[in-house]
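# Overview (structure and organization)
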Amino acid sequence: MRIRTSAIVMVLYIVFLLLPIYWLLNMSLKNNTEILGTFTLWPDNLTLRNFRVILTDPAWYMGYVNSIIYVVMNTVLSVTVALPAAYAFSRYHFIGDKHLFFWLLTNRMAPPAVFALPFFQLYSSIGLFDTHIAVALAHTLFNVPLAVWILEGFMRGVPKEIDETAYIDGYSFPHFFVKIFMPLIASGVGVAAFFAFMFSWVELLLSRTLTSVNAKPIAATMTRTVSASGMDWGVLAAAGVLTIIPGALVIYFVRNYIAKGFALGRV
Amino acid sequence: MDKTLNNKAWFLVAPVLVLVAFSAVIPLMTVVNYSVQDTFGNNVFYWAGLEWFQEMITSDRLHEALWRQMLFSVIILVIEVPLGIFVALNMPKKGFWASVCLVLMALPLLIPFNVVGTIWQIFSRVDIGLLGHTLAALGVDYNYTSDALDAWATVIVMDVWHWTSLVALLSYAGLQSIPEAYYQAAKIDQAGRVAVFRYIELPKMQGVLLIAILLRFMDSFMIYTEPFVVTGGGPGNATTFLSIDLVKMAIGQFDLGPAAAFSLMYFLVILLVSWVFYTVMTNLDREEAA
């Protein structure tokens, strides 16, 4: 009997989660007359026009390209610098280590709204405004601390004896790190990369503030659907559906580590 | 794990330090700079001392935004934490359905913030949205663009939809770490469902719940994009939270001085809470190790 009630709870909760997403998908497959004129639970005249608009208009699909470029740059940058740092935190005591670790955390907690304006001025003054690298650098503000914390959590699980044995066997530090240590924390690197990717992908405030045309992210392009002839709801919905896909595709691979990632490696 | 003292480890940390210093310290110094100066344009600045801080501390606008923000964060926590625990308790323990639940539940967490806003904007519109339309058909007078209470309800339901899964996933991870033997012992003692929850599951979830509560507190405290897309801070100023107000002030009106003073105080609040979070968490880590 208990099993059945819990199944009902889960079904209800998941329906609650999926209903709004279904509605978005539903709208993306309708034309605007059907959206505005009639109220239908599923598309009467199934159309792919909205998706076609996005995939054929450079102003639209470049938004996705821009987003992907800065997100990938940010992910690579964050994980690369975070790896040695996380190793240092997980293996050594050094002067100021606790303060530094805490300071990193505060950056994860800093409201992007506080940083929006100074970032705008900083990147304008060094001529990086409206470039992908500007957004990628700005997002390191919260992604580097996140990556350090996640990786540190995974590295703590690797016994220290492995390092010592490798040094006795004559491995140099870089050699040991790449050849022996990295494969041991491969899943940690994957999870850290996934979370860096995700948080850079979902962030809008900074990426919108730092770009105007050339590096404009898809999230900001979506505001374009408001035009003189009113709102193009169908295209807006289709654009929304397309932004969900990257997350939905990779989520399966990290399903068992999601909690660990969100908890900054502390589960 | 016992760590060796090695100050050369600073070299390993150096890249992170340089990068984060560039993207955190320099901008923060700019903010400090603005907060104590005034300008009449043309990049000419005058020393203003603590004038902006005084103005902001006594400003009704800030007080109202702060008040709304607190109320919002408290409501979010009161709903999401118990609901998240409840969902986690009902999740399948292992097997195919556990994976299905994990993947589906994580889905809202990975949607860009403004798309979350768009989804709910569409979903709750009276003319084209499923929720709005259904409520209207049931005879409820619901309109989130003109009624403050409806706007609040929409923003809160949206946040519950968006983030409850985070609490649930963390609690689930905590539950998974409880050895089966504990439950068997409870069975032998003939402990009821409530007793099992109170004396076995809740203490074991303590660590992850702490993280969940503080993450939810932080993130709801700096929420910007989702309510901005759905309500634009309206109707009136009903859903203008701290971040929305700050961006309005800094980028909309370009009131640099007051906005900078506002930013610093905002950041200080966050810093204080982060510190409490960090202290409690490291203490828990130590207890676990001991």
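### As for the overall build of chain A
Looking only at helices and strands, chain A features 14 helices and three strands. The principal-axis extents of the C-alpha atoms in chain A amount to approximately 75 × 65 × 30 Å. Out of the 267 residues in chain A, the part that is buried amounts to 49%. Of the contacts formed within chain A by residues at least 6 apart in sequence, a portion of 78% connects residues at least 24 apart.

### Some words on the domain arrangement of chain A
Residue and element names in this part refer to chain A. Here the domain parsing of chain A yields domain 1 (1-47) and domain 2 (57-262). The centre of domain 1, based on its C-alpha atoms, is set 32 Å off from the matching centre of domain 2. Taken together, the eight residues of domain 1 in the interface contact seven residues of domain 2. Of all the secondary structure elements, the ones that give two or more residues to the side of domain 1 that touches domain 2 are α1 (2-28) and α2 (32-37).

### A short note on the interface of chain A and chain B
Taken together, the 80 residues of chain A in the interface contact 74 residues of chain B. The biggest single contributor to the side of chain A that touches chain B is α1 of chain A, with 14 residues. Here the side of chain A that touches chain B is built from residues that sort into 65 nonpolar, nine polar and six charged. Sheet analysis places strand β1 (residues 92-93) of chain A next to strand β1 (residues 4-5) of chain B, joined by two bridges and oriented parallel. Residue pairing in the sheet places Tyr92 of chain A in a bridge with Thr4 of chain B of β1 of chain B.

### Some details on unusual backbone geometry
The residue Asp130 of chain A is not glycine, and still its phi comes out positive at about 65°. Along the chain, the position of Asp130 of chain A falls in the loop between α6 (112-125) and α7 (132-156).

### Description of helix α13 (residues 233-250) of chain A
Working note: α-helix, 3.6 residues per turn, so residues spaced by three or four point in the same direction. Where α13 of chain A bends most, the angle comes to about 25°, and this point is Ile244 of chain A, followed within four residues by the proline Pro246 of chain A. The element α13 of chain A is extensively covered by neighbouring structure, given that 13 of its 18 residues are classed as buried.

### Quick look at the packing of helix α4 (residues 58-91) of chain A against α7 of chain A
Residues and elements named next belong to chain A. One way to put it is that α4 packs onto α7 with a least axis distance of 6 Å and a crossing angle of 40°. Taken as axis vectors, α4 and α7 run oblique relative to one another. In the crossing of α4 with α7, the sense of the turn from one axis to the other is right-handed. Looking at the contact of α4 with α7, its residues break down into 20 nonpolar, eight polar and two charged.

Quick notes on the rules
Residues numbered from 1 in each chain as written. Chains lettered and ligands numbered in written order. Predicted model: local features only at pLDDT ≥ 70, side-chain atom pairs only at ≥ 80, totals over all residues. Helix = DSSP H or I, 4+ residues; strand = E, 2+ residues; numbered from the N terminus. Buried ≥ 20, exposed ≤ 12 C-beta atoms within 10 Å, placed from the backbone. Contact = placed C-beta atoms within 7 Å. Domains from an automatic or database assignment. Nonpolar A, V, L, I, M, F, W, Y, C, P; charged D, E, K, R; others polar. Pairing = 2+ DSSP bridges. Bend = angle between axes of the 7 residues up to and from the residue. Axes fitted to C-alpha atoms, helices over the stretch in contact; angles between N-to-C directions. Parallel < 35°, antiparallel > 145°, perpendicular 65-115°, else oblique. Left-handed = near helix turned anticlockwise from the far one by under 90°.

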